[in-house]
Amino acid sequence: MSTTLVTQPAPEFKAQVVLPDNTIAEKTLSDLRGGKYAVLFFYPLDFTFVCPSEIIAFDKKLADFKKRNCEVIGVSVDSQFTHFAWKQTPPEKGGIGNIQYPLVADLTKQIARDYGVLLESAGVALRGLFLIDKTGHIRHALINDLPLGRNIE
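### Focus: the nonpolar core
The tendency in soluble globular proteins is for nonpolar side chains to be buried side by side.
And then number 1: Judged by nonpolar contacts, the single largest core of 23 residues is most densely connected at Phe 13, Phe 42, Val 104 and Tyr 115.
And then number 2: For this core, the elements supplying multiple residues, two or more each, are β1 (14–18), α1 (29–33), β3 (37–42), β4 (70–76), α5 (110–114) and β8 (127–132).
And then number 3: The biggest single contributor to this core is β3, with three residues.
And then number 4: In this structure Tyr 115 touches Leu 5, Ala 10, Pro 11, Phe 13, Leu 29, Leu 40, Phe 42, Phe 130, Ile 132 and Ile 138, once residues within four positions along its chain are discounted.
And then number 5: Listed in part, the 17 residues of the second largest apolar core include Val 39, Phe 41, Trp 86 and Leu 103.

In structure tokens:
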């Protein structure tokens, strides 16, 4: 059994997603990537004290990712309704504001399981990040423990 997804096809999923325009729709990973590179990242939960800084930092660097033909996609075990509410909450009140990349709802936790980042004992995803190439293969993976944040730079 492989211990890494690197070099493997990225596990496909279909889930409810809050899109940049704040609509909610069912999408697949393939829909969200659109044949481009993608940074697919997992975070534990909405409305937590560490997550907003990372998620807002991804949004601030979104133009840099787009210049590289790369989509950014966030995933947590929260519902699409919680994602929507978090986007409607200003950063100074613990929200993330109107970020411009999709947030995927993984209520069943199957996406986190498929990517090997589900921390079963806590019922949340570790801070995983996967770089997916244009062919849909994972080329880089990084997984951090819950207390360790990421530097988007």
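So that's the structure; there's more coming.
### Re the sheet that holds β3
And then number 1: What the seven strands build is an open sheet, ordered β2-β1-β5-β4-β3-β8-β9; its pairing is mixed. The open sheet has two edge strands with one neighbour each: β2 (24–28) and β9 (138–144). Strand-to-strand twist in this sheet, taken as the mean axis angle between neighbours without regard to direction, amounts to 25°.
And then number 2: Relative to β9, β8 runs antiparallel, the two being bridged by six bridges. Residue Ile 132 lies in a different strand from β9, and its bridge partner there is Ile 138.

### What to know about the packing of aromatic side chains
And then number 1: One pass over the structure, following the stated rule, counts ten aromatic pairs.
And then number 2: Seen from their ring centres, Phe 41 and Tyr 101 are 5.9 Å apart, and the 65° between their planes marks the pair as edge-to-face. In this pair, Phe 41 sits in strand β3 while Tyr 101 sits in the loop between α4 (80–88) and β5 (103–105), placing the two residues 60 residues apart along the sequence.
And then number 3: By relative accessible area, which is 0% here, Phe 41 ends up buried.
And then number 4: Judged by its relative accessible area of 1%, Tyr 101 falls in the buried class.

### Quick notes on the pairing of β2
And then number 1: Two elements, β1 and β2, share five bridges in a ladder whose sense is antiparallel. Within the sheet, the bridge partner assigned to Val 18 lies in β2 and is Ile 24.
And then number 2: The turn linking β1 back onto β2 is made up of five residues, and Asn 22 within it adopts a positive phi angle of 75°.

### Side note on α4
And then number 1: Along α4, the positions that sit buried rather than exposed are Gln 80, His 83, Trp 86 and Lys 87. Angular distribution of buried residues about the axis of α4 spans 120°; they occupy a single face of the element.
And then number 2: One side-chain oxygen at the N-terminal end of α4 lies 3.2 Å from the backbone nitrogen of Phe 81; it belongs to Ser 79.

Criteria and cut-off values
- Residues numbered from 1 in each chain as written.
- Predicted model: local features only at pLDDT ≥ 70, side-chain atom pairs only at ≥ 80, totals over all residues.
- Heavy atoms only, no water.
- Core = buried A, V, L, I, M, F, W, Y, C linked by side-chain atoms within 4.5 Å.
- Buried < 20%, exposed > 50% of the residue type's maximum accessible area, 1.4 Å probe, protein only.
- Helix = DSSP H or I, 4+ residues; strand = E, 2+ residues; numbered from the N terminus.
- Contact = heavy atoms within 4.5 Å.
- Pairing = 2+ DSSP bridges.
- Axes fitted to C-alpha atoms, helices over the stretch in contact; angles between N-to-C directions.
- Phe/Tyr/Trp six-rings, centres within 6.5 Å; stacked < 30°, edge-to-face > 60°.
- Arc of directions from axis to C-beta.
- Polar contact = N/O pair within 3.5 Å; in protein donor to acceptor, adjacent residues only side chain to side chain.

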